[in-house]
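# Structural features, examined
If you want the building blocks of each chain, they are given just below.
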Amino acid sequence: MKRSLSLIIGCLVIALALSPNAWAWGKAKVIKIGINAPITGDIPKVGEGTKYAAQMWLEDVEAAGGLEIDGKKYKVELVIEDNEAKAESAVKANTKMITQDEVIAIVGPQSSKQAVPAGGVANDWATPMITPWSTNPDSTKDRPYVFRGCFLDPFQGPVVANFITEEFGATKAAVLYDVASDYPKGLAEFFKIAWEKIHGPGSVVAFESFTTKDADFSSQLTKIIQSGAEVIFTPQYYNEVALIVQQAHELGWQKPIVGSDSWGSAETVNLCGPDCYGLFFSSHYAAAGATGSTKAFIDRYEKKYGYVPDDVAALTWDSLGIVQKAIESMGKLTGNIEKDRTAVRNALAKVKDFEGITGKMTFTEDGDPIKCAVIVKINDKGEFEFYKSVCP
Amino acid sequence: MTNQQPEIQSNGPSKGVKGFFKAFRSYFSCVPMLGWLAGILAAVLFERFLGDLIAEALGLPKVPVLFGCMIMLKDLHLMPSALAFLIGVYFIPILLVGRALASVFNALAGMIYKISPMFSVVLHLALLYLVLHLWADISAYRVMTLKFTLVAIMLTLSLNVINGYMGEFSCSHPGFMALGAYAASVFTLVLFTNDRFFGEAVLSPSLGVYFFPVAIIIGGFTAALGALVIAIPSFRTRGDYLAIISLAFMFIVKSLIENLEVVGGPRGLGSQPNYASLPMVFGWTVLCIWVINNFVRSTLGKALNAVRDDESAADAMTVNTRRTKMVGFLFGAFWAGAAGGLFAHILRYVNPASFGLQRLAEILAMVYFGGLNSVHGSIVGAVSISLLGEALRPLELFKWIIIPLLLILVMIFRPTGLIAFKEFDVKQLVRPKN
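Attention here is on the structure that accompanies the text. All chains use their own residue numbering, which begins from 1 and follows the written sequence. Labels follow written order: the first chain is A, the first ligand is 1, and so on. Local features are withheld for residues below a pLDDT of 70 in this predicted model, meaning they are given only at 70 or higher, and side-chain atom pairs are given and counted only at 80 or more; totals for whole chains, interfaces and linings count all residues. Side-chain measures were taken over the full set of non-hydrogen atoms in the model, leaving aside hydrogen atoms and water.

### A word on the overall build of chain A
- Comment: elements are numbered from the N terminus, with helices defined as DSSP H or I runs of at least four residues and strands as E runs of at least two. Broken down by element type, chain A carries 12 helices and 16 strands.
- In terms of overall size, chain A behaves like a compact globule, its C-alpha atoms giving a radius of gyration of 23 Å where 392 residues would be expected to give roughly 21 Å.
- Counting only C-alpha atoms, chain A reaches 80 × 55 × 35 Å along its principal axes.
- Relative accessibility decides the category of a residue: with a 1.4 Å probe and only protein chains considered, values under 20% of the type maximum give buried, values over 50% give exposed, and everything between is partly exposed. Within chain A, buried positions represent 57% of all 392 residues.
- Contact definition: two residues touch when any of their heavy atoms are within 4.5 Å. Sequence-distant contacts in chain A: of pairs separated by 6 or more residues, those separated by 24 or more amount to 67%.
- Approximately 15500 Å² of chain A is accessible, and the part contributed by carbon and sulfur atoms is 54%.
- Note on charges: Lys and Arg go in the positive column, Asp and Glu in the negative column, and His and the chain ends are not counted at all. Charge placement uses NZ in Lys and CZ in Arg. For Asp and Glu, CG and CD serve respectively. Across chain A, 40 positive and 49 negative side-chain charges occur, with their mean positions spaced 7 Å apart. Just to be clear, the radius of gyration here is over C-alpha atoms, and the globule rule we use is 2.2 Å times residues to the power 0.38. In these tables, accessible area is a Shrake-Rupley quantity obtained with a 1.4 Å probe, and a residue counts as shielded only by the protein chains included in the view.

Right, dumping it as structure tokens:
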């Protein structure tokens with residue numbers, strides 16, 4: 001027993017002496033940026049897109065030799081934490097990144113149910129955080145340190161209402177949404193308000209709901225068809241979109257179905273197939289027919305990971321770009337992490353007309369960006385094609 | 001009742017790993033609880049004052065926050081350093097102080113015990129809090145993990161009352177937790193916070209901290225009230241109805257909150273005041289363990305066991321089975337509600353999606369991993385699953401393979417859980433070992 005014990009200790013000492021870290025005494029200063037992403041849990045595809053976009057960004061920065069602050073290059077390290085698509089995990093991950101890893105800024109979490117509590121932690125610790133995808137106003141409200149990379153639902157609702165009015169000349173609309181999920185519910189309500197403002201009260205002839213994980217929508221769709229609606233608006237996620245569109249067509253619905261930015265996943269067309277061709281939705285960017293830096297990003301991503309990036313990846317990319325711009329324009333790195341975080345926050349608040357791949361961005365007082373929405377058409381090849389741009 | 005392995009009793013010559021463990025156990029068996037706590041205190045103090053220095057010398061970026069697991073899994077090169085830190089800062093001081101001063105602590109523990117066993121328990125608890133506080137003080141991440149772990153202990157114990165001691169299968173714990181969380185949140189938000197939902201604070205916000213226990217109790221009672229709704233119909237019958245009704249109840253609570261715009265609907269309710277400090281959560285957890293432990297050891301607790309083992313026989317022996325089951329169920333629900341109230345104030349945000357099937361699976365896993373019908377087991381189960389979940393986080397997807405695999409292994413080798421059917425005798429625990 002004694003011999004095996006001394007053997008273990010001996011091995012440990014040797015391993016310790018040989019480990020490269022034992023000799024890395026004077027370490028160079030590294031800027032750490034946290035990524036809080038749902039890598040496991042309900043929406044792993046979102047986490048994957050976030051992670052891939054972040055890794056691509058890191059490659060770029062490394063190729064440039066690091067971030068340049070005040071004429072000096074600093075190395076960058078990403079701290080990617082999994083939040084399991086759970087609120088308390090997102091809070092723990094943020095706390096860990098802020099206090100343990102000492103990140104200078106955090107990008108993520110993506111969904112509102114994690115971004116709202118995690119934003120509270122970031123604000124309490126005075127650490128700048130950008131949530132690329134969260135649309136809940138509470139994420140950034142009264143939180144000077146929390147920003148957002150996407151437009152809000154109070155903007156998107158009217159965009160879609162106006163677009164449908166102009167494009168199809170419809171006056172009666174139906175809405176089908178998930179009552180148990182915060183994003184579809186919020187957007188459905190904003191759409192209803194906007195639509196009734198244009199066409200008068202009662203012009204939303206059917207306002208039908210279901211609950212998360214429902215798979216049969218025939219009763220709601222039958223009601224919608226009987227109500228005489230001319231268009232269906234359904235702000236759902238990719239898995240439900242496919243079911244809703246297919247079932248609507250089976251029930252004889254031939255009129256348009258319009259969606260929102262949650263449609264913009266690579267999976268939508270994979271699951272839905274030709275049923276979805278020719279439909280429109282509002283989004284942050286369109287992959288097919290993109291030009292300039294947007295196209296460069298898409299091509300690179302597709303080549304590397306084998307599929308066209310969805311809007312989460314694009315928004316994460318932009319959020320990291322804004323963080324980079326803020327860090328590079330913050331003036332000087334003091335080495336005191338608290339002071340540096342505040343400097344980054346102040347630089348973020350001053351960002352004007354940032355040219356991102358999802359459009360130009362300027363932050364408002366609340367940390368929400370002013371940016372344009374894009375109307376996307378799913379073309380006959382199943383690609384997301386740019387149709388038109390709507391600006392506030 | 002005893003689940004001890006036979007090899008512990010055998011006295012023959014010992015060889016190999018088993019022998020090593022046996023020698024190890026007998027060598028340290030004379031250390032009293034006081035000695036262990038003192039050893040941990042020494043280790044924690046050691047880490048506090050020299051941790052940074054040692055970590056730097058070993059080439060670690062910072063003091064390993066969860067016993068080095070995260071560092072090891074993130075960067076395999078750092079494994080020896082992290083292990084060395086763990087052994088040097090934790091194992092050696094704990095074992096050394098515990099063993100070397102065992103006789104001193106035994107005498108001391110005996111002296112305190114003679115004054116009054118209750119006093120001894122309180123002293124041990126104070127020491128335990130000191131240890132936890134010093135340990136967690138190193139980083140806010142530890143505080144956060146510790147708070148959620150303590151809440152997990154409360155939840156596991158309260159479910160164990162129903163699933164373990166009473167032998168019914170209840171699935172409504174997330175529902176009770178949600179009721180408690182929302183009730184407590186609404187109480188503190190309406191009375192002590194200026195927020196968007198309920199407007200100006202009714203009372204002065206400075207009073208809030210003192211009324212926080214009231215909020216938790218209200219949360220508990222709301223959950224118990226909800227439990228009454230299940231208990232009345234399901235305990236009229238015998239059999240597995242409770243599982244189905246309670247599962248339905250969980251979904252009812254979730255949809256109810258989703259459709260209640262007053263409390264934010266699916267968007268959730270945020271900006272709860274920061275009242276759930278570590279001493280507060282620790283105090284509630286201790287209270288919960290103490291009350292539940294006394295409950296299950298009382299006549300009523302024994303009646304619960306009798307009902308579980310054979311309801312007709314219990315009835316014949318003058319146990320009022322329906323009342324017993326009702327009380328047990330409501331009691332479990334109360335503590336789940338209290339845990340929910342604490343949870344809401346630690347997270348400072350609640351939304352209905354947090355109280356779904358995933359949460360249920362988590363709590364059930366803790367109960368069955370730790371062991372049915374045992375307070376020890378619940379504590380062990382809650383702590384180990386919480387810490388494992390946190391420590392294996394860098395493994396991402398593989399974490400969800402490893403934890404279920406562990407559960408399956410436990411179910412194969414110890415079908416009732418790690419430490420099942422064992423009585424938790426606090427006095428025995430604090431007694432000197434000689």
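### What about the overall build of chain B?
- Scanning chain B from N- to C-terminus turns up 18 helices and two strands.
- Compactness check: chain B gives a C-alpha radius of gyration of 23 Å against a globular reference of 22 Å for 434 residues, within 12% of the reference.
- Taken along its principal axes, the extent of the C-alpha atoms in chain B is 60 × 55 × 50 Å.
- Expressed as a percentage of its 434 residues, the buried residues of chain B come to 52%.
- Considering only contacts within chain B whose residues lie at least 6 apart along the sequence, 79% involve residues at least 24 apart.
- Per element, the accessible surface of chain B, about 19200 Å² overall, is 71% carbon and sulfur.
- Averaged over its 31 positive side-chain charges, chain B has a centre that lies 7 Å from the centre of its 21 negative ones.

### Section: the interface of chain B and chain A
- Listed per partner, the contact involves 46 residues of chain B and 47 residues of chain A.
- Once two parts are put together, the accessible area they lose, assessed with a 1.4 Å probe and summed over both, is termed the buried area. Of all residues in chain B, Arg267, Arg393 and Glu396 of chain B give up the largest surface area on contact with chain A, accounting jointly for 18% of the area buried on that side.
- When a carboxyl oxygen of Asp or Glu is within 4 Å of a side-chain nitrogen of Lys or Arg, the pair counts as a salt bridge. In this assembly, chain B and chain A are joined by 11 salt bridges.
- Measuring nitrogen to oxygen at the nearest pair gives 2.9 Å for the salt bridge that ties Glu88 of chain A to Arg359 of chain B.
- Nitrogen and oxygen atoms within 3.5 Å of one another constitute a polar contact, given that in protein one can donate a hydrogen and the other can accept it, and given that sequence-neighbouring residues count only through two side-chain atoms. Across the contact surface, chain B and chain A share 12 residue pairs in polar contact (both at pLDDT 80 or more).
- The element best represented in the side of chain B that touches chain A is helix 4 (residues 79-100) of chain B, accounting for five residues.
- Each residue belonging to the side of chain B that touches chain A can be placed in one class, and the counts come to 23 nonpolar, nine polar and 14 charged. Residues are grouped as follows: Ala, Val, Leu, Ile, Met, Phe, Trp, Tyr, Cys and Pro are nonpolar; Asp, Glu, Lys and Arg are charged; every other residue, Gly included, is polar.

### Topic: the pairing of strand 13 (residues 359-363) of chain A
All names here are of chain A.
- Here the rule is simple: two strands pair whenever DSSP picks up at least two bridges between them. Across three bridges, the pairing between strand 12 (residues 354-356) and strand 13 is antiparallel. Directly across from Gly356, in strand 13, lies its bridge partner Gly359.
- Connecting strand 12 to the antiparallel partner strand 13 that follows it, the hairpin turn spans two residues.
- In terms of strand pairing, strand 13 meets strand 14 (residues 369-370) through two bridges, oriented antiparallel. When the bridges of strand 14 are listed, Thr362 appears paired with Ile370.
- Between the end of strand 13 and the start of strand 14, which pair antiparallel, lie five residues, with Gly367 showing a positive phi angle near 90°.

### Some remarks on the environment of Arg322 of chain B
All names here are of chain B.
- Assignment of secondary structure puts Arg322 in helix 14 (residues 321-347).
- Assessed through its relative accessible area of 31%, Arg322 is described here as partly exposed.
- Taking the C-alpha atoms as reference points, Arg322 and Val214, separated by 108 residues in sequence, lie 30 Å from one another.

### Concerning the nonpolar core
- Counting residues in hydrophobic clusters, the biggest one holds 133 residues, and the most contacted among them are Phe176, Phe329 and Trp335 of chain B.
- In terms of residue count, helix 7 (residues 140-165) of chain B provides more of this core than any other element does, 15 residues in total.
- Filtering out sequence-adjacent residues up to four positions away, Phe329 of chain B remains in contact with Ile162, Met166, Ser170, Ser172, Phe176, Ala227, Ile230, Ala231, Phe235 and Leu242 of chain B.
- By nonpolar core we mean a set of buried residues, namely Ala, Val, Leu, Ile, Met, Phe, Trp, Tyr and Cys, connected to one another through side-chain atoms within 4.5 Å. If you look at the next biggest cluster of nonpolar residues, it comprises 49 residues, including Leu67, Ile80, Ile104 and Leu333 of chain A.

### Considerations on the sheet that holds strand 2 (residues 67-69) of chain A
Residues and elements named next belong to chain A.
- An order of 2-3-1-4-5-6 is seen for the six strands of this open sheet, with the pairing classed as mixed. One side of each edge strand has no neighbouring strand; the edge strands of this open sheet are strand 2 and strand 6 (146-148). Averaged over all neighbouring strand pairs, the angle between strand axes comes to 30°, with direction disregarded.
- In the sheet, strand 1 (residues 30-37) pairs with strand 4 (residues 105-107) via three bridges, with the strands oriented parallel. Note on geometry: axes are C-alpha line fits, over the in-contact stretch for helices, and angles between N-to-C directions span 0 to 180 degrees.

### Here we look at the side chain of Gln236 of chain A
Residue and element names in this part refer to chain A.
- As for its placement among the helices and strands, Gln236 is situated in the loop between strand 9 (231-233) and helix 8 (238-250).
- There is a polar contact of 2.9 Å between the side chain of Gln236 and the backbone nitrogen of Asp178.
- The residues contacting Gln236, other than those within four sequence positions of it, are Leu176, Tyr177, Asp178, Pro184, Phe210, Val241, Ile244, Ser262 and Trp263.

### Some points on the sheet that holds strand 14 of chain A
Residues and elements named next belong to chain A.
- Within the open sheet, the three strands sit side by side as 12-13-14. Their pairing is antiparallel. Whereas interior strands pair on both sides, the edge strands pair on one side only; in this sheet they are strand 12 and strand 14.
- Across the sheet, helix 11 (residues 311-328) lies against strand 12 and strand 13, angled at about 150° from strand 12, the strand it touches most.

### Side note on the state of the cysteines
All names here are of chain A.
- Two cysteine sulfurs form what is called a disulfide whenever their separation falls within 2.5 Å. Counted according to the given criterion, the structure contains two disulfides over all chains.
- Covalent S-S linkage joins Cys272 and Cys276, the inter-sulfur distance amounting to 2.1 Å. Its torsion about the S-S bond being 85°, the disulfide of Cys272 and Cys276 is classed as right-handed.
- Residue Cys372 pairs covalently with Cys391 via a disulfide, S to S 2.0 Å.

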